[in-house]
Amino acid sequence: MKASQLILLDHFVDHHPGLFQKKLWVDPDIFDAILDQISDHPIFSSALHNHQLPIAIQLVIFLNCAGHYGNVISPEDIAQWAGVSVGSVVNCTNCVMVAVLDQHDDFIQFPALDSQDAENVRSYVEAHVCLEWWNGFLAADGPAFGLYAKPGLHGEIFFDHKSNYSLNYQVNHFCIFFG
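Quick look at the structure, then. Values in this document were obtained by computation on a predicted structure and should not be read as measured data.

### Considerations on the state of the cysteines
- A complete count under the given rule lists 0 disulfides for this structure.
- Sulfur of Cys95: no disulfide; nearest cysteine sulfur belongs to Cys92 and is 6.9 Å away.
- Residue class for Cys95 comes out buried when judged on its relative accessible area of 16%.

Next up, the structure:
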């Protein structure tokens, strides 16, 4: 028997944002930003007019899957929590993964070396960080979040140095160092 607990997320946003973050591993504002970025992706529309879950629900399922790994949670657990089938959990996870990965070029951009942004970074590094990093090119301060299982598409590229399947992400802090 499946009874969706997704309605609790709306309550958590308004009254317990920490519980929202604990379940999905992102703040509600970041969730909304990710949703805005992926909502227009063609993977969420079907020429055959096949029914899909709302994109927000698919993102919720993906974030819950991606934020847990190993024996912590299974697709069956997520299916029961979300009130959907195991196949829907797999499909939602795959669709959102495609949409997120397709945003790579929009998320990763470098300012021109002679721009004010680059100069601001140089000044910050010189004042606050070890001088050896001043001539660096790129530094990202973002943790990895584990994936439940090896992704089906190009899964081996998600295998990290700690022998887990994971994605590195950065939402709050990103510094680029130029030489």
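### Quick word on helix H4 (residues 55-66)
- Here H4 is 12 residues long and its end C-alpha atoms lie 16 Å apart, about the 16 Å a rise of 1.5 Å per residue gives.
- H4 sits mainly inside the fold: 10 of its 12 residues count as buried.
- All buried positions along H4 are accounted for by Ile55, Gln58, Leu59, Val60, Ile61, Phe62, Leu63, Asn64, Cys65 and Ala66.

### Details of helix H5 (residues 75-82)
- Taken as a whole, H5 has its buried residues at Pro75, Ile78, Ala79, Trp81 and Ala82. Taken end-on, H5 shows its buried residues confined to a sector of 165°, consistent with a single buried face.
- In this structure, the buried side of H5 is in contact with helix H1 (7-15), helix H2 (17-24), H4 and helix H6 (86-101).
- Two residues or fewer after H5 comes Gly83, characterised by a positive phi angle close to 75°.

### Considerations on the side chain of His41
- Position of His41 among the secondary structure elements: in the loop between helix H3 (28-38) and H4.
- Separated by 2.9 Å, the side chain of His41 and the backbone nitrogen of Ile43 make a polar contact.
- Leaving out residues up to four positions away in the same chain, His41 has contacts with Val98, Ala99 and Asp102.

### Here's the deal with the packing of H3 against H4
- At a minimum axis distance of 10 Å, the contact between H3 and H4 shows a crossing angle of 120°. Considering their axes alone, H3 and H4 lie oblique with respect to each other. Judged by the sense of rotation from one axis to the other, the crossing of H3 with H4 is right-handed. Of the residues in H4, those in contact with Phe31, Ile34, Leu35 and Ile38 of H3 are Ile55, Ala56, Leu59, Val60 and Leu63.
- Its residues placed into classes, the contact of H3 with H4 shows 9 nonpolar, no polar and no charged.

### Looking at the environment of Gly83
- Along the polypeptide, Gly83 turns up in the loop between H5 and H6.
- In this structure, the C-alpha to C-alpha distance between Gly83 and Gln5, residues 78 residues apart in sequence, is 7.3 Å.

### Section: a negative patch on the surface
- Together, Asp27, Asp29, Asp32 and Asp36 give the surface a local cluster of negative charge.
- Checked against the element boundaries, Asp32 lands in helix H3.

### Examining unusual backbone geometry
- Non-glycine residue Trp25 carries a positive phi angle of around 70°.
- With respect to the helices, strands and loops of the structure, Trp25 is situated in the loop between H2 and H3.
- By relative accessible area, Trp25 is classed as partly exposed at 43%.

### Observations concerning the packing of H4 against H5
- Between H4 and H5, whose axes approach to 11 Å, the crossing angle comes to 145°. Where H4 crosses over H5, the two elements pack in a sense that is right-handed. In contact with Val60, Ile61, Asn64 and Cys65 of H4, H5 contributes Ile78, Trp81 and Ala82.

### Remarks on the nonpolar core
- Of all hydrophobic cores here, the largest spans 33 residues; its most connected members are Leu9, Leu24, Phe31, Leu59, Ile61, Phe62 and Trp81.
- Top element by residues in this core is H4. It accounts for 8 residues.
- A domain-level breakdown of this core finds at least three residues from each of domain 1 (6-107) and domain 3 (141-178).
- Apart from residues no more than four positions distant in its own chain, Trp81 is found in contact with Ala3, Ser4, Gln5, Leu6, Leu9, Lys23, Leu24, Val60 and Asn64.

Rules used in this analysis
- Residues numbered from 1 in each chain as written.
- Predicted model: local features only at pLDDT ≥ 70, side-chain atom pairs only at ≥ 80, totals over all residues.
- Heavy atoms only, no water.
- Disulfide = S-S within 2.5 Å.
- Buried < 20%, exposed > 50% of the residue type's maximum accessible area, 1.4 Å probe, protein only.
- Helix = DSSP H or I, 4+ residues; strand = E, 2+ residues; numbered from the N terminus.
- Expected span 1.5 Å × (residues − 1).
- Arc of directions from axis to C-beta.
- Contact = heavy atoms within 4.5 Å.
- Polar contact = N/O pair within 3.5 Å; in protein donor to acceptor, adjacent residues only side chain to side chain.
- Axes fitted to C-alpha atoms, helices over the stretch in contact; angles between N-to-C directions.
- Parallel < 35°, antiparallel > 145°, perpendicular 65-115°, else oblique.
- Left-handed = near helix turned anticlockwise from the far one by under 90°.
- Nonpolar A, V, L, I, M, F, W, Y, C, P; charged D, E, K, R; others polar.
- Patch = residues over 30% accessible without salt bridge, like charges linked within 9 Å, V, L, I, M, F, W, Y side chains within 5 Å.
- Areas by Shrake-Rupley, 256 points an atom, 1.4 Å probe, with all protein chains shown as cover.
- Salt bridge = Lys/Arg side-chain N within 4 Å of Asp/Glu carboxyl O.
- Lys, Arg positive; Asp, Glu negative; His and termini not counted.
- Charge placed at Lys NZ, Arg CZ, Asp CG, Glu CD.
- Core = buried A, V, L, I, M, F, W, Y, C linked by side-chain atoms within 4.5 Å.
- Domains from an automatic or database assignment.

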